[in-house]
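Understanding the architecture of this molecule
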Amino acid sequence: MDETMMTLVKEATSQEVFSVWFLIGAALVFWMQAGFAMVEAGFTRAKNTGNIIMKNLMDFCIGTVVFIAIGFSLLMGEDLVGFIGKPGFDLFTSYANFDFSSFVFNLVFCATTATIVSGAMAERTKFLSYCVYSAVISACIYPIEAHWIWGGGWLSGLGFHDFAGSCAIHMVGGISALIGAKILGPRIGKFKKDEKGKVVKVNAFPGHNIAIGALGVFILWLGWYGFNGAAATTIPQLGSIFLTTTIAPAIATVVCMIFTWIKYKKPDVSMCLNASLAGLVAITAGCDVTDAFGAIIIGAVSGLLVVFGVWFLDYVLHIDDPVGAVAVHCLNGIWGTLAVGLFATNSAPDYAIADAAGNEMIGLVYGGGFKLMGTQLLGFGSVALWTAVTITITFFIIKAIFGLRVSREEEVTGLDATEHGLPSAYAGFAMLPDYVEEGAAAPVAVTGDVPEAEAVPVKKMPTFSDDEHKFTKVEILCKEAKFEALKSAMMELGITGMTVSHVLGCGVQKGKPEYYRGVQIEANLLPKIQVDIVVSAVPVRSVIETAKKVLYTGHIGDGKIFVYDVENVVKVRTGEEGYDALQDVE
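This section reports on the structure supplied with the text. (Residues numbered from 1 in each chain as written. Predicted model: local features only at pLDDT ≥ 70, side-chain atom pairs only at ≥ 80, totals over all residues. Heavy atoms only, no water.)

A tally of regular secondary structure across the protein gives 17 helices and 10 strands. Across the 586 residues of the protein, 49% fall into the buried class. Across the protein, the fraction of contacts at a sequence separation of at least 24, relative to all contacts at a separation of at least 6, is 77%. (Helix = DSSP H or I, 4+ residues; strand = E, 2+ residues; numbered from the N terminus. Buried < 20%, exposed > 50% of the residue type's maximum accessible area, 1.4 Å probe, protein only. Contact = heavy atoms within 4.5 Å.)

This is the structure in structure tokens:
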């Protein structure tokens with residue numbers, strides 16, 4: 001076999017290999033739907049889990065239907081004046097010659113755009129309305145702007161670069177999420193307002209299952225290697241994409257951890273999970289044209305930007321985004337798009353950014369001037385404007401016809417039960433009340449400030465206790481996790497009997513505040529253990545000091561100890577009273 005033939009064989013083999021990888025990448029992107037579902041479910045409340053799973057399922061299924069009908073041809077059809085692809089039904093009329101791989105690949109990306117919106121509008125959106133706007137995004141909003149970038153439209157001709165979708169997918173989904181959450185309004189109790197309607201307090205609604213949220217992040221990170229890498233055409237390019245797709249989210253997460261550790265005195269788990277996704281979103285546009293240095297800077301900025309975004313929505317815009325979708329996808333989608341204009345370098349393998357005349361363009365940091373940055377700004381502005389106008393019109397039409405938001409009663413009960421007839425996504429587990437009711441009466445403050453004239457004199461009443469022995473009841477409230485240690489310590493003291501109950505409770509503490517995503521957590525009903533001990537021979541002070549030593553952590557919720565006088569103790573089986581009734585030995 002001569003050298004020319006060997007070259008042809010290698011090229012054909014390489015093409016086949018990358019065609020297979022293209023479809024494997026598409027499968028990885030589809031698997032990201034599971035990641036989005038887990039993140040959204042974990043970061044929200046248990047009473048809405050089934051609704052969230054259903055929405056993420058229908059994103060893809062409804063998206064497939066409308067993508068077949070119109071979306072794919074608008075995206076990849078023959079270009080019409082640089083704006084849209086020519087509508088057609090080649091999938092049915094010319095199946096033998098149809099580009100199957102392109103359809104599947106573009107479909108899974110389309111479904112991702114609609115999924116992003118779900119998180120910001122979670123826990124209060126009508127399921128029917130959600131299905132409608134998800135279909136509109138997949139049918140026309142996403143396909144048309146994506147055609148400008150990837151389908152031969154006007155932006156691609158100018159040299160605008162968005163390799164895997166920081167702009168076309170994440171920013172579009174993030175802007176849609178921002179506008180949808182604003183029109184929809186916050187969840188009940190998220191913001192406390194004064195009599196003038198001014199927001200005076202932001203309440204935290206902690207996610208019910210951070211472990212599930214973390215699983216979702218890891219699934220998404222894995223899927224992102226297909227998201228960013230599927231369109232690679234050479235081994236060096238694929239390796240470079242994998243490198244930048246690893247560096248940026250890792251740096252973003254470390255920066256976020258350090259920042260929240262300094263600001264809130266503890267590293268914020270959910271915010272760091274958001275930061276991993278923020279780094280992935282930001283690197284997506286330039287994953288193929290940046291080097292390691294560029295990926296580090298892009299990741300570091302995104303790690304700070306996501307924290308700022310969550311704070312800005314809560315405290316400035318007063319827009320309720322339960323999962324941080326706007327901070328992750330909108331802000332970092334914009335940042336990633338513009339970062340190409342800063343950090344694109346022709347040292348990256350198979351570099352191919354050029355203007356309409358074929359002149360190579362590189363990033364500002366590497367001496368390319370403002371030309372590429374100007375192109376990126378133009379692309380960002382035009383896609384953002386298209387998205388904002390079309391999604392706003394969509395939401396208002398849906399609101400007028402179907403309504404966007406569920407009723408107050410439905411929201412309080414939970415969308416699992418009211419929208420899907422599902423008592424709970426966690427059969428067999430009791431769900432605790434987890435909302436702050438607006439307009440509820442303030443708790444009554446109990447003080448000892450009673451005027452002397454109104455005070456009731458206290459009389460010492462005769463008791464059944466004999467003079468020799470005094471009986472005292474010690475009631476201890478503690479965390480479930482501390483019970484075994486408390487029980488063992490009490491047994492070592494000589495306490496041979498106790499009554500243990502599972503209770504729910506909350507209290508106002510003056511201790512160290514706890515934060516969830518930068519918002520201070522209010523008291524809520526939490527499961528506790530109540531231990532009742534009646535002592536006589538064992539010193540009460542020994543019981544108290546031992547309990548304090550065992551239960552102390554320094555955090556809110558360590559527990560409380562109550563001490564009461566007991567008049568008498570009666571053992572029912574023997575009729576013994578007083579000290580004798582407390583003895584275990586016959």
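Next comes the rest of the write-up.
The strand order S6-S9-S5-S10 describes an open sheet built from 4 strands, whose pairing is antiparallel. Because the sheet does not close on itself, it has two edges, and the strands there are strand S6 (499-505) and strand S10 (560-566). Pairs of neighbouring strands in the sheet enclose a mean axial angle of 25°, with direction left out of account. Sheet topology note: the S6/strand S9 (residues 526-535) ladder contains 7 bridges and is antiparallel. Directly across from Thr499, in S9, lies its bridge partner Asp532. This element, helix H16 (residues 483-493), spans strand S5 (471-478), S6 and S9 of the sheet and lies at about 10° to S9. Set on the sheet, helix H17 (residues 540-551) makes contact with S5, S9 and S10; between it and S5 the angle comes to about 5°. (Pairing = 2+ DSSP bridges. Axes fitted to C-alpha atoms, helices over the stretch in contact; angles between N-to-C directions.)

A pair of packed helices can be characterised by two numbers: the angle between their axes and the separation between those axes. Orientation of helix H12 (residues 325-343) relative to helix H13 (residues 371-401), taken along the N-to-C sense of each, is 160°, at an axis distance of 7 Å. Between H12 and H13, the angle is such that the two are roughly antiparallel. Handedness of the H12/H13 crossing: right-handed. For the pair formed by H12 and H13, the contact residues are Ile334, Thr337, Leu338, Val340, Gly341 and Leu342 on the first element and Leu372, Met373, Gln376, Leu377 and Phe380 on the second. Among the residues forming the contact of H12 with H13, the class breakdown is 8 nonpolar, 3 polar and no charged. (Parallel < 35°, antiparallel > 145°, perpendicular 65-115°, else oblique. Left-handed = near helix turned anticlockwise from the far one by under 90°. Nonpolar A, V, L, I, M, F, W, Y, C, P; charged D, E, K, R; others polar.)

All right, on to helix H5 (residues 127-150) then. At Ile137, H5 is deflected by roughly 45°, the largest bend along its length. Counting buried residues in H5 gives 19 out of 24 residues, a clear majority hidden from the surface. Just beyond H5, the residue with positive phi is Gly152, at close to 90°. (Bend = angle between axes of the 7 residues up to and from the residue.)

Attention now goes to the packing of aromatic side chains. Overall, the coordinates contain 25 aromatic pairs when judged by the stated rule. Seen in terms of ring centroids, Trp311 and Phe312 are 6.4 Å apart; in terms of plane orientation they differ by 45°. Their pairing is tilted. (Phe/Tyr/Trp six-rings, centres within 6.5 Å; stacked < 30°, edge-to-face > 60°.)

Here we take up the environment of Leu342. By the secondary structure assignment, Leu342 is in helix H12. For the pair formed by Leu342 and Val365, sequence separation is 23 residues and the distance between their alpha carbons is 5.3 Å. Leave out the neighbours within four places in its chain, and Leu342 touches Trp335, Gly363, Leu364, Val365, Tyr366 and Met373.

Turning our attention to unusual backbone geometry. Phi at Lys265 takes a positive value of approximately 70°, unusual for a residue other than glycine. In the Ramachandran plot, His318 falls in the positive-phi region, its phi being about 55° despite a non-glycine side chain. Secondary-structure assignment places His318 in the loop between helix H11 (292-317) and H12. Residue His318 is classed as partly exposed on the basis of its relative accessible area, which comes to 29%.

Helix length check: helix H7 (residues 166-184) (19 residues) gives 25 Å between terminal C-alpha atoms against 27 Å at 1.5 Å per residue, within 8%. Most of H7 is tucked away: 17 of the 19 residues are buried. Directly after H7, the chain includes Gly185, whose backbone phi takes a positive value near 90°. (Expected span 1.5 Å × (residues − 1).)

A grouping of Leu128, Leu385, Val389, Ile393, Ile397, Ile401 and Phe402 is seen on the molecular surface, where their side chains present a nonpolar patch of about 670 Å² in accessible area. The biggest single contributor to the nonpolar patch is H13, with 5 residues. Mapped onto the elements, Ile393 comes out in helix H13. Looking at Ile393, the relative accessible area reads 48%, which means it is partly exposed. (Patch = residues over 30% accessible without salt bridge, like charges linked within 9 Å, V, L, I, M, F, W, Y side chains within 5 Å. Areas by Shrake-Rupley, 256 points an atom, 1.4 Å probe, with all protein chains shown as cover. Salt bridge = Lys/Arg side-chain N within 4 Å of Asp/Glu carboxyl O.)

In this section: the environment of Gly505. Along the chain, Gly505 falls in strand S6. Along the primary structure Gly505 and Leu526 are separated by 21 residues, whereas in three dimensions their C-alpha atoms are 5.5 Å apart.

Looking at where Gln530 falls in the secondary structure, it is placed in strand S9. The class for Gln530 is buried, based on a relative accessible area of 16%.

The next subject is the environment of Val503. Position of Val503 among the secondary structure elements: in strand S6. Assessed through its relative accessible area of 25%, Val503 is described here as partly exposed. Residues Val503 and Cys478 lie 25 residues apart in sequence; the distance between their C-alpha atoms is 9.9 Å. Once you skip the residues sitting within four places of it in the chain, Val503 turns out to touch Leu477, Leu526, Pro527, Lys528 and Gln530.

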